Amino acid sequence: MSARAAAQRRGSAPVAAMRLSPQPGEVIDRSRELSFSWNGVEYPAYHGDTIISALAAAGERVFSRSLKYHRPRGLLTAGFHDPGCMVQVGDEPNVRGAHRLVSGGMTVGSQNTWPSLRFDAKGVNRLAGRYLTAGFYYKTFMQPRALWPAYEGVLRRFVNAGSVSPDTAPGRPEQRYAHPDVLVAGGGPAGMAAAVAAARAGAHVMLVEEDHQLGGHLRWGGEAGLAALGELAAQVAAEPGIEVLTDAVVLGRYDGNWIAVLERGPGRPAAGAAAPGDSAGPVAAGPVAAGPVAASPVVASTERLVKARAKTLVVAPGLIERPYVFAGNDLPGVMLSTAVRRLINLYAVKPGERAVVLTANADGDAAVADLKRAGVDIVRVEDARLGGDVVAASGRGGVRAVEVADGTRILCDLLVTAVGWTAPTALLNASGDRPVYSARAARFFPDLARLSDDVLVTGGIAGDGGLAELTQHATAIGTEAARRAARIARARSLACPASAAAAASAAGTVGAVAAASSAEPGPVAIPGLPVDAHPELFAGRTHGMVDFSEDVSSKDLLGAVAEGYDSVELAKRFTTATMGPLQGKLETINAVAIVASATGQSIAETGTTTWRPPYAPVTLGALAGPAHQPVRYSPMQPWHEAHGAAPLVAGAWIRPDR
Amino acid sequence: MQASANGHRPGRGRTRYPARYSAFGLLRRGLVQQEWPPAWRSQPMKDRYDVVIVGGGVHGLAAAYYLAANHGITDVAVLEQGYLGSGGSGRNTAILRSNYLTPEGVRFYDRSIKLYQRLAADLDFNVMFSQRGHLTLAHSDASLRTMRWRAEVNKIEGVDSDVIGPAEVKRLVPFLDVSAAARYPVLGALWHPPGGIIRHDAVVWGYARGASARGVHLHQNTEVTGIDVADGRVRGVRTSRGDIATRVVLNATAGWSTLISDMAGVAMPVQTFPLQAAVTEPVKPFLSTVVVSGTLHVYVSQTDRGELVFGASVDPFTSYSTRGSLEFIEGLAGHVLELMPALTKVRVLRQWSGLCDMTPDFSPIMGRTPVDGFLTDVGWGTYGFKAGPVAGEAMAECIASGRTPEIIAAFGLARFADGALVGEKGAAAVGH
Amino acid sequence: MILLPCAWCGPRDAAEFQHVGEVVTRPDPRTATPAQWRAYLYLRANPRGWTVETWYHRMGCRRFFKVERHTETNEVRPVTAAEVPGAAAAGVAGPAGAAGPAGMAGTAGTAGTAGPAGAAGAAGAAGTAGASG
């Protein structure tokens with residue numbers, strides 16, 4: 001039973017029953033306790049907890065209900081892109097609960113559950129599942145036509161999302177322009193090493209990391225990982241030419257390396273609000289904090305857009321772990337290996353009591369070690385490299401039992417899978433890349449030959465290898481990125497001869513270095529990266545969820561192909577797979593593999609759907625930026641005022657009235 | 001079947017589908033776990049057809065369907081270089097309306113609306129046409145006058161449109177800022193109840209299903225690489241999968257229309273611009289009509305899944321890129337928040353773009369060309385999807401009868417050489 | 001948006017400019033037939049690839065100039081001096097091609113060589129651009 005149910009039984013508030021003793025590398029600050037409310041009940045948290053990590057620490061496992069079938073959903077990835085962790089915070093819908101940090105007094109609620117998360121009335125849809133297959137609405141509701149508006153009303157009632165309130169205060173945060181020589185997308189070890197190398201070569205660098213700290217997978221890489229992280233972090237801090245943005249994500253790379261970066265963190269007031277030390281500015285466009293912002297107890301998360309014209313872009317986003325498709329794969333308690341390693345190492349949360357682990361790679365093996373360290377009882381490890389497999393998971397409201405390859409049924413409350421990776425090639429696709437599938441590595445790789453000259457790639461997305469190899473590659477890439485940036489700066493000024501002089505004097509470090517040196521350095525040799533073999537594991541022996549947000553199963557995809565929607569694009573549009581809030585990050589490759597198997601083609605022949613910006617969702621307010629209302633006066637305005645004219649507002653003009 | 005406004009021959013019998021769609025069918029097949037047969041058949045490509053249609057979007061597929069259904073011409077091939085509906089038909093914001101400015105325009109798009117209303121029944125495919133009403137906001141006196149002009153022309157042609165004031169606009173769209181403090185105050189709007197939104201992919205699939213059931217061949221992943229013209233008439237097409245002998249080729253493409261027409265040696269006054277669109281995450285339904293603002297160049301609707309779908313005008317320079325730009329979503333977000341400031345926390349999920357063939361007079365190029373047997377249904381700019389059914393019906397008539405139907409007489413290619421351009425800019429410039 | 005190489009203002013965002021369009025030759029209005037005149041007004045090549053076009057620096061120096069742009073990748077390169085009349089007279093010397101990919105990098109591939117295009121382009125374009133504007 002969950003901690004909350006136990007607490008309610010006791011008649012007391014929830015406690016963090018699953019919190020572990022302090023872990024090296026944990027990001028929570030145990031000296032700063034907070035509390036927040038979840039569906040009306042107060043929960044404890046530490047500063048640095050995310051909403052979901054705090055709830056998981058209290059033993060909660062169910063955070064939402066799925067779109068169509070209203071199945072209970074829990075943690076899957078414990079990162080920003082986690083389909084079951086979308087919650088409503090105050091009047092803000094669709095908040096990513098496994099990324100959003102807890103702030104004191106926060107009011108968090110589950111979305112689209114009635115009467116409650118536990119006893120959701122629309123759960124009855126689960127029984128109708130065999131009839132409500134994907135695309136069922138194309139086959140019905142046609143006659144009589146006059147009833148279509150009524151049918152539509154019913155369909156709209158099932159919209160699984162947060163709500164907008166007409167009273168939401170209009171928030172128009174500031175935007176910022178930046179002109180880095182090199183923009184590094186991704187603050188894991190590769191990104192950090194590339195940024196350091198570029199800065200040492202004289203470039204102004206902007207390093208953008210989606211999570212709240214730099215380090216990527218080093219943060220849960222044990223003692224060795226943390227030591228390497230410390231070393232890299234010190235190098236980054238020692239370079240004055242690197243601007244680090246954490247809790248920030250590159251939304252898209254547009255033509256000409258025009259790059260949109262979204263800063264998400266709390267801590268900066270909305271446009272116009274007074275900050276400590278400021279004189280009172282114009283009326284705030286957004287919520288005004290009472291008193292100095294630093295002391296404000298509840299600081300709303302404000303998104304701010306940074307628009308960067310980078311000379312070169314280094315793409316180092318790492319890899320996203322993929323879920324495995326099998327019956328019951330969406331039950332609360334079924335998690336990816338990165339999820340358990342984040343929970344244990346970053347948030348000191350025990351993910352469960354009894355675990356079965358399906359592992360096909362070293363990260364899965366490392367997760368087993370982490371689980372053991374956290375005191376979780378590892379009941380069975382299925383090694384996919386030796387023929388192990390998970391057939392099905394079952395349980396009401398969460399995992400209770402798992403059936404494995406040899407037919408054994410094992411009781412457990414946690415099932416961890418580590419079956420492979422997806423390359424987030426979004427920024428590369430926008431640069432002309434068409435990734436190529438490698439059956440050896442069971443994932444897509446960028447096609448370096450197709451990349452634009454001003455875009456470079458490093459890190460896990462480019463290849464495998466140990467930390468030393470990846471760092472060496474990233475260092476070479478960073479140096480080369482700086483070199484190309486200097487060359488681009490030079491070329492741009494030469495293409496506009498009349499302004500060349502002005503450009504050279506206005507250019508930053510790279511421009512000055514470029515102008516000063518007469519000999520252009522040659523290209524940096526980029527070492528190759530190995531490509532490790534990885535078993536191809538996409539879908540198991542039973543039908544399971546492919547798109548968790550859209551409730552699309554492998555059965556739906558096979559049905560779509562059988563009905564003639566036999567390309568990945570048609571199957572996507574018919575079933576709506578990959579069209580949810582995650583936009584395919586966890587779904588696309590599995591969907592491609594299933595369509596490929598149904599059509600008898602290879603994954604390479606089947607291709608994928610298109611990554612499109614924004615990489616992560618961005619609010620309309622952040623995109624719009626401040627609303628500047630120009631006011632125009634004629635040159636006679638002072639005379640009008642001196643003679644007591646009443647102002648007449650005529651559009652943007654102020655004219656005299658009378 | 002009712003006679004059309006143009007006196008077209010009624011369809012030759014109902015289309016016989018391999019399995020009719022119905023709630024009962026869902027129940028039965030769900031019970032016994034039986035799969036549905038394919039929505040359209042996959043056929044080997046022949047080396048000759050009576051008619052070859054280039055372009056597997058709504059225009060091409062509708063033309064194929066009406067050729068078969070209205071005229072009994074079934075030896076037809078639709079050639080699509082990608083997957084069905086991969087062009088504009090799969091990228092538009094699916095808004096339907098008939099509140100145009102010129103009488104010819106109103107008649108034309110109204111015929112389309114009438115066909116759309118029957119489409120689900122005709123095609124046995126729920127295309128989900130939601131006639132929830134279409135609102136075009138006016139932010140200036142001049143704009144309000146144009147709305148009044150459009151309303152009167154609409155009414156004369158029997159189309160329901162009227163001008164309403166800010167109070168009624170607010171009642172229809174509670175989230176809209178109609179106060180005087182708005183930067184672009186709403187002075188009124190053109191309210192068009194028959195307008196609405198539709199599931200664009202479903203229209204493509206429905207027409208494909210109907211055409212295929214009547215014997216039309218659909219060939220996806222088939223790129224046209226050349227058109228053989230001899231003595232001023234079409235002899236055949238060359239494709240990436242082989243050559244086809246034919247006497248009739250219909251160019252029903254968008255974005256590629258000049259490339260295809262160049263193959264036949266026909267020059268056209270078309271320039272290709274990207275038209276971008278974006279969609280947000282789902283939020284609980286709060287917007288029940290389509291809202292368009294001409295001044296702000298933005299249109300927005302909410303799907304039954306709860307997502308807001310937005311669009312604006314074409315990009316400011318010609319391009320064949322579908323990558324999208326940051327300026328587009330920034331500008332769009334700014335304009336949407338001018339209209340509905342409370343949406344500031346709603347998140348944009350995805351942006352994309354399609355290619356629009358713009359003509360000098362914001363009207364299409366339909367009918368015969370100087371090359372015998374080569375016809376076009378192109379130049380649809382930003383208003384092609386809403387015209388799919390009527391265009392397909394008219395082109396089918398044009399091909400079958402050899403004469404240009406009255407309804408498309410004003411849209412011939414020759415009008416540019418003759419200087420007889422159409423004046424639809426007022427209603428088509430922000431195409432939605 | 002893409003960067004355009006304005007010879008006078010330097011590389012600037014395309015939002016500052018107005019896209020005038022494909023460079024087309026204007027027939028002599030005194031002798032052209034209506035059909036020729038209308039062909040000039042309305043017909044365009046609309047290529048999917050490299051095209052020479054005119055841009056007007058609306059929010060800057062307000063000069064017309066030509067660039068070569070790839071309509072699919074949006075890569076931009078200055079029009080070389082040889083293509084623009086009056087370049088020699090303008091006396092602007094261009095560097096040799098050793099500068100490397102000198103164009104405004106678009107999305108794929110390398111750009112052409114640098115050329116003293118901007119100033120010469122403006123001078124040359126001023127004569128013909130007015131009509132097509």
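Residues numbered from 1 in each chain as written. Chains lettered and ligands numbered in written order. Predicted model: local features only at pLDDT ≥ 70, side-chain atom pairs only at ≥ 80, totals over all residues. Heavy atoms only, no water.

**Comments concerning helix α6 (residues 337-347) of chain A**
Residue and element names in this part refer to chain A. With 11 of 11 residues buried, α6 is to be regarded as a mostly interior element. Within the sequence span of α6, burial applies to S337, T338, A339, V340, R341, R342, L343, I344, N345, L346 and Y347. Where α6 ends, the next residue or the one after it, A348, has phi of about 55 degrees, a positive value. (Buried < 20%, exposed > 50% of the residue type's maximum accessible area, 1.4 Å probe, protein only. Helix = DSSP H or I, 4+ residues; strand = E, 2+ residues; numbered from the N terminus.)

**As for the sheet that holds strand β27 (residues 455-457) of chain A**
The pairing of strands in a sheet happens through backbone hydrogen bonds and is either parallel or antiparallel. Residues and elements named next belong to chain A. On the basis of which strands lie adjacent, the open sheet formed by five strands has the order β11-β10-β9-β15-β27 and parallel pairing. The open sheet has two edge strands, β11 (242-245) and β27, and neither has a second partner. Averaged over all pairs of adjacent strands, the angle between strand axes in this sheet comes to 20 degrees, irrespective of strand direction. Both strand β9 (residues 182-185) and strand β15 (residues 312-315) contribute to a ladder of four bridges, which runs parallel. (Pairing = 2+ DSSP bridges. Axes fitted to C-alpha atoms, helices over the stretch in contact; angles between N-to-C directions.)

**Structural notes on the nonpolar core**
Judged by nonpolar contacts, the single largest core of 152 residues is most densely connected at B:I53, B:F108, B:Y207 and B:L343. No other element matches helix α2 (residues 58-71) of chain B, which puts 10 residues into this core. Setting aside residues no more than four positions away along its own chain, B:L343 makes contact with A:V164, A:L620, B:F175, B:F286, B:L308, B:V336 and B:L337. With 48 residues, the next largest nonpolar core counts A:L20, A:I28, A:A374 and A:L414 among its residues. (Core = buried A, V, L, I, M, F, W, Y, C linked by side-chain atoms within 4.5 Å. Contact = heavy atoms within 4.5 Å.)

**Considerations on the interface of chain B and chain A**
As a measure of interface size, the accessible area lost when the parts come together is often cited. Tallying the contact residues gives 77 residues for chain B and 78 residues for chain A. With both chains or domains summed, chain B and chain A bury close to 6,900 Å², and 55% of this area falls on carbon and sulfur atoms. With a shortest N-O distance of 3.8 Å, B:R347 and A:E303 are connected by a salt bridge. The interface formed by chain B and chain A holds 34 residue pairs in polar contact (both at pLDDT 80 or more) in total. Counting only elements with at least two residues in the side of chain B that touches chain A, the list comes to α1 (23-32), α3 (103-123), α6 (200-213), α8 (326-339) and β17 (347-358) of chain B. For the side of chain B that touches chain A, the leading source of residues is α8(B), giving nine residues. When grouped by side-chain class, the residues that make up the side of chain B that touches chain A number 38 nonpolar, 20 polar and 19 charged. Pairing between strand β30 (residues 618-619) of chain A and β17(B): two bridges, direction antiparallel. Across the sheet, A:T619 pairs through a bridge with B:R347, a residue of β17(B). (Buried area = accessible area lost by both parts, 1.4 Å probe. Salt bridge = Lys/Arg side-chain N within 4 Å of Asp/Glu carboxyl O. Polar contact = N/O pair within 3.5 Å; in protein donor to acceptor, adjacent residues only side chain to side chain. Nonpolar A, V, L, I, M, F, W, Y, C, P; charged D, E, K, R; others polar.)

**Things to note about the sheet that holds strand β10 (residues 233-239) of chain B**
Residue and element names in this part refer to chain B. Spatial strand order, β9-β10-β11: three strands in an open sheet with antiparallel pairing. Two strands in the sheet have a free side with no partner beyond their single neighbour: β9 (224-230) and β11 (242-245). Adjacent strand axes in the sheet meet at a mean angle of 20 degrees, parallel and antiparallel pairs treated alike. The pairing of β10 with β11 spans four bridges and is classified as antiparallel. Following the sheet pairing, R238 is matched in β11 by D243.

**Side note on the pattern of salt bridges**
Think of it this way: side chains of opposite charge can pair up when their charged atoms draw near. Applying the stated criterion across every chain, the model contains 69 salt bridges over all chains. Residue C:R30 is joined to C:D28 by a salt bridge in which the shortest nitrogen-to-oxygen separation is 3.1 Å. One connected set of salt bridges, linked through shared partners, spans A:E92, A:R96, A:R100, A:E303, B:E281 and B:R347.

**As for the confidence of the model for chain C**
Residues and elements named next belong to chain C. In this model, chain C carries an average pLDDT of 69, and 59% of its residues clear a pLDDT of 70 or more. Counted against residues more than four places away or in other chains, residues 81-133, with its pLDDT under 50, gives 99 contacts. Taken together, the chains of this predicted complex give a pTM of 0.88 and an interface ipTM of 0.92. (pLDDT = per-residue confidence, 0-100.)

**With respect to the packing of α2(B) against helix α9 (residues 388-401) of chain B**
All names here are of chain B. Look at α2 against α9: their axes get within 7 Å of each other, and the N-to-C directions meet at 55 degrees. In terms of orientation, α2 and α9 fall into the oblique class. Handedness of the crossing formed by α2 with α9: right-handed. Between α2, through V58, H59, A62, A63, Y66, L67, N70 and H71, and α9, the contact on the second element is made entirely by G388, P389, A391, G392, E393, M395, A396, E397, I399 and A400. Broken down by class, the residue content of the contact of α2 with α9 amounts to 11 nonpolar, five polar and two charged. (Parallel < 35°, antiparallel > 145°, perpendicular 65-115°, else oblique. Left-handed = near helix turned anticlockwise from the far one by under 90°.)

**Observations concerning the packing of aromatic side chains**
In the structure shown here, the tally under the stated rule is 34 aromatic pairs over all chains. Ring centres 5.3 Å apart and planes at 80 degrees place the aromatic pair B:Y21 and B:W36 in the edge-to-face group. Here B:Y21 is found in the segment before α1, whereas its partner B:W36 is found in the loop between α1 and β1 (51-54), with 15 residues between them in sequence. With respect to burial, B:Y21 and B:W36 carry one shared label: buried. Members of the aromatic cluster, each reached through a chain of ring pairs, are A:F136, A:Y137, A:Y138, A:Y565, A:F574, B:Y21, B:W36, B:W40, B:F125 and B:W205. Sitting over the ring of A:Y615, A:K585 keeps its end group 4.5 Å from the ring centre. Residue placement shows C:R63 over the ring face of C:W8; its charged tip is 4.8 Å from the ring centre. (Phe/Tyr/Trp six-rings, centres within 6.5 Å; stacked < 30°, edge-to-face > 60°. Lys NZ or Arg CZ within 6 Å of the ring centre and 35° of its normal.)

**Here we look at the side chain of A:T50**
Residues and elements named next belong to chain A. Relative to the helices and strands, T50 resides in the loop between β2 (41-47) and α2 (51-57). Take T50: its relative accessible area is 1%, and that puts it in the buried class. Filtering out sequence-adjacent residues up to four positions away, T50 remains in contact with G97, A98, H99, R100, L101, V102 and Y347.

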